[in-house]
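The primary structure of each chain is shown beneath.
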Amino acid sequence: MKEIKLTTTIKVYANTSELSPADQVLLQRAHDAVHDSYSPYSNFKVGAAVRLANGEILGGSNQENASYPLCLCAERTALSAAASIFPKEGITAIAVTAKSPTKPITFPISPCGACRQVICETENKHKQDIRIILQGETGEIYEFMTAKDLMPLSFDSEFL
Ligand code: THU
């Protein structure tokens, strides 16, 4: 028997002023996207913004449905918009934030497993690492340099 220990690296910024101007803009677009959330069932509003290799930024928000399993997460909404409008462009970064109806979110929001898997697939598709920038409504910002740091041992086409 042997053990494998996995480690990951997270860059932590105390506030937005520590980010590069480009990342400040991307994160603000994610905060703006929160307002487009359609979340009458959870009332939990999530906003995401993706930066494409050509510099374009596209936002996305969670879109819920009375048939609950059909709810779309903000991250996948933004990634799908990018893949539809700019199918050939890689994605260099995604920012994610959220607003809860019950409490102020002062810690970085964590993408769900399904969204992590889709961010990994997008990296593989374009052979382009995607930086992941996470913040609550306020507070510290986490940065991952690649989706693989958020989702080690992800399933990919090599297994097929
Ligand atoms: N949600 C996202 O948009 N992204 C995530 O990574 C986690 C969860 C949404 C889905 C649902 O509309 C609401 O948050 C509550 O789960």
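Refer to the structure printed above.
These figures come from a predicted structure and were not determined experimentally.

Each value, and the rule that gives it
- Residues numbered from 1 in each chain as written.
- Predicted model: local features only at pLDDT ≥ 70, side-chain atom pairs only at ≥ 80, totals over all residues.
- Heavy atoms only, no water.
- Helix = DSSP H or I, 4+ residues; strand = E, 2+ residues; numbered from the N terminus.
- Rg over C-alpha atoms; globule rule 2.2 N^0.38 Å.
- Contact = heavy atoms within 4.5 Å.
- Areas by Shrake-Rupley, 256 points an atom, 1.4 Å probe, with all protein chains shown as cover.
- Patch = residues over 30% accessible without salt bridge, like charges linked within 9 Å, V, L, I, M, F, W, Y side chains within 5 Å.
- Salt bridge = Lys/Arg side-chain N within 4 Å of Asp/Glu carboxyl O.
- Buried < 20%, exposed > 50% of the residue type's maximum accessible area, 1.4 Å probe, protein only.
- Near = heavy atom within 4 Å.
- Polar contact = N/O pair within 3.5 Å; in protein donor to acceptor, adjacent residues only side chain to side chain.
- Core = buried A, V, L, I, M, F, W, Y, C linked by side-chain atoms within 4.5 Å.
- Pairing = 2+ DSSP bridges.
- Right-handed = clockwise from strand over helix to strand, strands pointing away.
- Axes fitted to C-alpha atoms, helices over the stretch in contact; angles between N-to-C directions.
- Parallel < 35°, antiparallel > 145°, perpendicular 65-115°, else oblique.
- Left-handed = near helix turned anticlockwise from the far one by under 90°.
- Nonpolar A, V, L, I, M, F, W, Y, C, P; charged D, E, K, R; others polar.

S.K.: Go over the overall build of the chain with me, naming the residues and quoting the values.
M.R.: A tally of helices and strands in the chain yields four helices and six strands. Ordering the α and β elements of the chain from the N terminus gives β-α-β-β-α-β-α-β-β-α. Against the compact-globule benchmark of 15 Å for 160 residues, the chain has a radius of gyration of 16 Å, which places it among compact chains. Contacts spanning at least 24 positions in sequence make up 66% of the contacts within the chain whose residues lie at least 6 apart. Of the accessible surface of the chain, which amounts to about 9000 Å², a share of 56% is contributed by carbon and sulfur atoms.

S.K.: How would you summarise a nonpolar patch on the surface if you had to cite specific residues and measurements?
M.R.: Judged by side-chain polarity, Ile4, Leu6 and Leu153 come together as a nonpolar surface patch covering roughly 400 Å² of accessible area. Tracing the backbone through its elements, the reader meets Ile4 in the segment before β1 (11-13).

S.K.: Help me get a handle on unusual backbone geometry, residues and values and all.
M.R.: Even without being glycine, Lys127 reaches a positive phi, approximately 50 degrees. You can see Lys127 is positioned in the loop between α3 (113-126) and β5 (131-135). Look at Leu153: it is not a glycine, yet its phi comes out positive at around 60 degrees. When its relative accessible area of 77% is taken as the criterion, Leu153 is described as exposed.

S.K.: Hey, could you go over the site of the ligand for me, with residue numbers and the actual values?
M.R.: In the vicinity of the ligand, the contacting residues are Ser42, Phe44, Val46, Asn62, Glu64, Cys73, Ala74, Glu75, Pro111 and Cys112. Here an oxygen atom of the ligand sits 2.9 Å away from a polar atom, N or O, in the side chain of Asn62. Here the ligand has 370 Å² of accessible area as a free molecule, and 78% of this is covered by the chains.

S.K.: So what's going on with the nonpolar core? Which residues, and what values?
M.R.: A general tendency of soluble globular proteins is for nonpolar side chains to be buried together. Counting residues in hydrophobic clusters, the biggest one holds 23 residues, and the most contacted among them are Val50, Ile91, Ile94, Val96, Ile119 and Ile132. Where this core is concerned, the elements lending two or more residues are β2 (45-52), α2 (74-85), β4 (91-99), α3, β5 and α4 (147-150). What Val96 contacts, discounting residues up to four positions off in sequence, is Ala30, Val46, Gly47, Ala48, Glu75, Ile109, Ile133, Leu134 and Gln135. Among the nonpolar cores identified, the runner-up in size contains eleven residues, and Leu19, Leu27, Ala95 and Ile133 belong to it.

S.K.: Could you give an account of the pairing of β4, naming the residues involved and the relevant values?
M.R.: Within β4, seven of the nine residues are buried, which leaves the element mostly enclosed by the surrounding structure. Both β2 and β4 contribute to a ladder of eight bridges, which runs antiparallel. The residue of β4 that forms the bridge with Val50 is Ile94. Pairing of β4 with β5, which is carried by four bridges, proceeds in the parallel orientation. Opposite Ala95, over in β5, you have Ile133 as the bridge partner. After leaving β4, the chain enters α3 and then returns to the sheet as β5, a path that is right-handed.

S.K.: A description of the side chain of Asn62 should follow, citing residues and the corresponding values.
M.R.: Relative to the elements of secondary structure, Asn62 occurs in the loop between β3 (57-61) and α2. A polar atom in the side chain of Asn62 sits 2.7 Å from the side chain of Ser37. Among the polar contacts made by the side chain of Asn62, one reaches the main-chain amide nitrogen of Val46 at a distance of 3.0 Å.

S.K.: A description of the packing of α2 against α3 should follow, citing residues and the corresponding values.
M.R.: Each pair of packed helices can be described by the angle between their axes along with the distance between the axes. Between α2 and α3, the least distance of the axes is 9 Å, while the angle of their chain directions is 25 degrees. One finds that α2 runs roughly parallel with respect to α3. The interaxial crossing formed by α2 with α3 has left-handed handedness. Here Glu75, Arg76, Leu79 and Ala83 of α2 come into contact with α3, specifically with Ala114, Cys115, Val118, Ile119, Thr122 and Lys125. Taken together, the residues that form the contact of α2 with α3 break down as six nonpolar, one polar and three charged.

Geometric values such as these leave the question of function open.
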